[in-house]
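The lines below spell out each chain.
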Amino acid sequence: MSYRPNPRPTTPTASTPARRGRRAALLTGAVAALLAAAAAGPAAAAGTTQTTATTPPSQAHLTTAVLDLDHPDRSPQVRGKDVPYDTASIIKVDILATLLLQAQDAGRGLTQQELTWATAMIEHSDNDAATALWRQIGQAAGLEAANKRLGLSATVGGSGGKWGLTQTTATDQIRLLHAVFAADGTPSSSASALTTTSQSYIRTLMTRIAAGQSWGVSAASDAGWALKNGWLQRSTTGLWDINSVGEVTSGTHHYLVAVLSNGNASMAGGIAAVESAARTAVSSVQAAG
């Protein structure tokens, strides 16, 4: 393996408060996301959060998929029904992969503006940056054209500016993660249309997630991780979509992990369910050998 994500405590920034306990940071992050979504307008809010006055009963559904990156010739182990879920902000990894693939095709690097947007979009889950890059790549049509080359077959881009309502499956997220994390020399790494430089850039940003947003599949790691999370409260039901995708190190192996869920009664409850599912899924793959 040529890539090892470094364990890295996230660093508080002016827009992200220092942690006062894990759950306190999550609640603070949730409030900040709500305010940001409201300020950004309908397109951004559709991809992140909506508010309701009461807590509805849970109608949770959850699917996990795990691939041992040290044995990429195997099929992902899937738990739950591998059905489509709305992406919320995990789509931001796919948006960046599409941007980089388009830049490769044009024989150019990213502009300074694109680099600024990409950093904000991945590290801080900035919605305005995601909207700008969504337009840059040609919205759903551009995303889907790139995904065909990246090996995704069950991801449908959100209409208009609603990138957060893109639909995907857990196995498709493993395909995307494989296109990003597969190292040179692994059996199917040549299938990735991304150059090693593009892969490395995405990986690096995914190890620099802002404080309060580093929950999720990282719970299954005992060393390094790289991830992107998504959270969306539905305006019609008040229930939460909570998603987390990334690469984790556990023991001596590296795993690609995707956990998608919807129908959660609260953000905190959804996060707890996603983290528990990630730990269980990785342990199951380890036990299988």
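Residues numbered from 1 in each chain as written. Predicted model: local features only at pLDDT ≥ 70, side-chain atom pairs only at ≥ 80, totals over all residues. Heavy atoms only, no water.

Quick notes on the overall build of the protein
Keep this limit in mind: Comment: elements are numbered from the N terminus, with helices defined as DSSP H or I runs of at least four residues and strands as E runs of at least two. Exposed residues in this analysis have more than 50% of their type's maximum accessible area, buried residues have under 20%, and partly exposed residues fall in between, with area computed by a 1.4 Å probe over protein chains only. Whether two residues are in contact is decided by their heavy atoms, any of which lying within 4.5 Å being enough. To be clear on the numbers: accessible area is Shrake-Rupley with a 1.4 Å probe, and residue cover counts the displayed protein chains and nothing else.
Helix and strand counts for the protein come out as nine helices and seven strands. Expressed as a percentage of the 289 residues in the protein, the buried residues total 53%. Of the contacts made within the protein by residues no fewer than 6 positions apart, 69% connect residues no fewer than 24 positions apart. Carbon together with sulfur atoms contributes 53% to the accessible area of the protein, which is approximately 11,600 Å² in total.

Re the pattern of salt bridges
Keep this limit in mind: Definition used for salt bridges: Asp or Glu carboxyl oxygen within 4 Å of a side-chain nitrogen of Lys or Arg.
For the coordinates displayed, the defined rule picks out five salt bridges. One salt bridge connects Glu114 with Arg108, and the closest N-O pair in it is separated by 2.9 Å. Classification of Glu114 by relative accessible area gives buried; the value is 2%. Look at Arg108 and you get partly exposed, because its relative accessible area is 37%. In this structure, Asp241 and Arg234 form a salt bridge, with 2.9 Å as the shortest nitrogen-oxygen distance. Residue Asp241 is classed as buried on the basis of its relative accessible area of 4%. Here Arg234 falls in the partly exposed class, since its relative accessible area comes to 25%.

Considering unusual backbone geometry
Excluding glycine, most residues fall at negative phi; most peptide bonds, likewise, are trans. In the Ramachandran plot, Ala88 falls in the positive-phi region, its phi being about 50° despite a non-glycine side chain. Here Ala88 is to be found in the loop between strand S3 (85–86) and helix H3 (91–106). Classification of Ala88 by relative accessible area gives buried; the value is 0%. Residue Gln139 is not a glycine yet carries a positive backbone phi of 55°. Locating Gln139 in the fold gives a position in helix H6 (residues 139–150).

Concerning the sheet that holds strand S7 (residues 253–264)
Under the convention used in this document: The rule for pairing is simple: two strands pair if DSSP sees at least two bridges between them. In this analysis an axis means a line fitted to C-alpha atoms, helices contributing only their contacting stretch, and an angle means the value between N-to-C directions, from 0 to 180 degrees.
Here five strands make up an open sheet; going across it, the order is S2-S1-S7-S6-S5 and the pairing antiparallel. Here the strands that pair on one side only, and so sit at the sheet edges, are strand S2 (77–79) and strand S5 (225–233). Averaged over all adjacent pairs, the angle separating strand axes in this sheet is 10°, with direction ignored. In this structure, strand S1 (residues 61–68) lies alongside S2, joined through three bridges in antiparallel fashion. Following the sheet pairing, Val66 is matched in S2 by Gln77. With respect to the sheet, helix H8 (residues 196–206) is in contact with S5 and strand S6 (240–250), its orientation differing from that of S5 by roughly 65°.

Some details on the pairing of S6
Residues in a regular strand point their side chains to alternate faces of the sheet. Across the 11 residues of S6, 11 count as buried, placing the element largely inside the fold. Alternating positions in S6 separate into two faces, Trp240, Ile242, Ser244, Gly246, Val248 and Ser250 on one and Asp241, Asn243, Val245, Glu247 and Thr249 on the other, with burial throughout. Here nine bridges tie S5 to S6, and the two strands are oriented antiparallel to one another. Residue Asn229 lies in a different strand from S6, and its bridge partner there is Ser244. As consecutive antiparallel partners, S5 and S6 are separated by six residues, and within that stretch Gly238 has a phi angle of approximately 80°, a positive value. Relative to S7, S6 runs antiparallel, the two sharing 10 bridges. Paired with Ile242 across the strands is Ser261, a residue of S7. Once S6 ends, the chain turns through two residues before running back antiparallel as S7, passing Gly251 with a positive phi of about 65°.

Some details on the packing of H3 against H8
The criterion, for reference: The labels follow the angle: roughly parallel below 35 degrees, roughly antiparallel above 145, roughly perpendicular from 65 to 115, and oblique for the rest. Handedness of a helix crossing follows the sense of rotation of the near helix relative to the far helix, less than a right angle counterclockwise being left-handed and clockwise being right-handed. Only Asp, Glu, Lys and Arg are considered charged, only Ala, Val, Leu, Ile, Met, Phe, Trp, Tyr, Cys and Pro nonpolar, and every remaining residue, Gly among them, polar.
Where H3 meets H8, the closest approach of the two axes is 10 Å, and the angle between their N-to-C directions is 155°. Considering the angle they form, H3 stands roughly antiparallel to H8. Where H3 crosses over H8, the two elements pack in a sense that is right-handed. Of the residues in H8, those in contact with Val93, Leu96, Ala97, Leu100 and Gln104 of H3 are Ser198, Tyr201, Ile202, Leu205 and Met206. Of the residues belonging to the contact of H3 with H8, the class tally is eight nonpolar, two polar and no charged.

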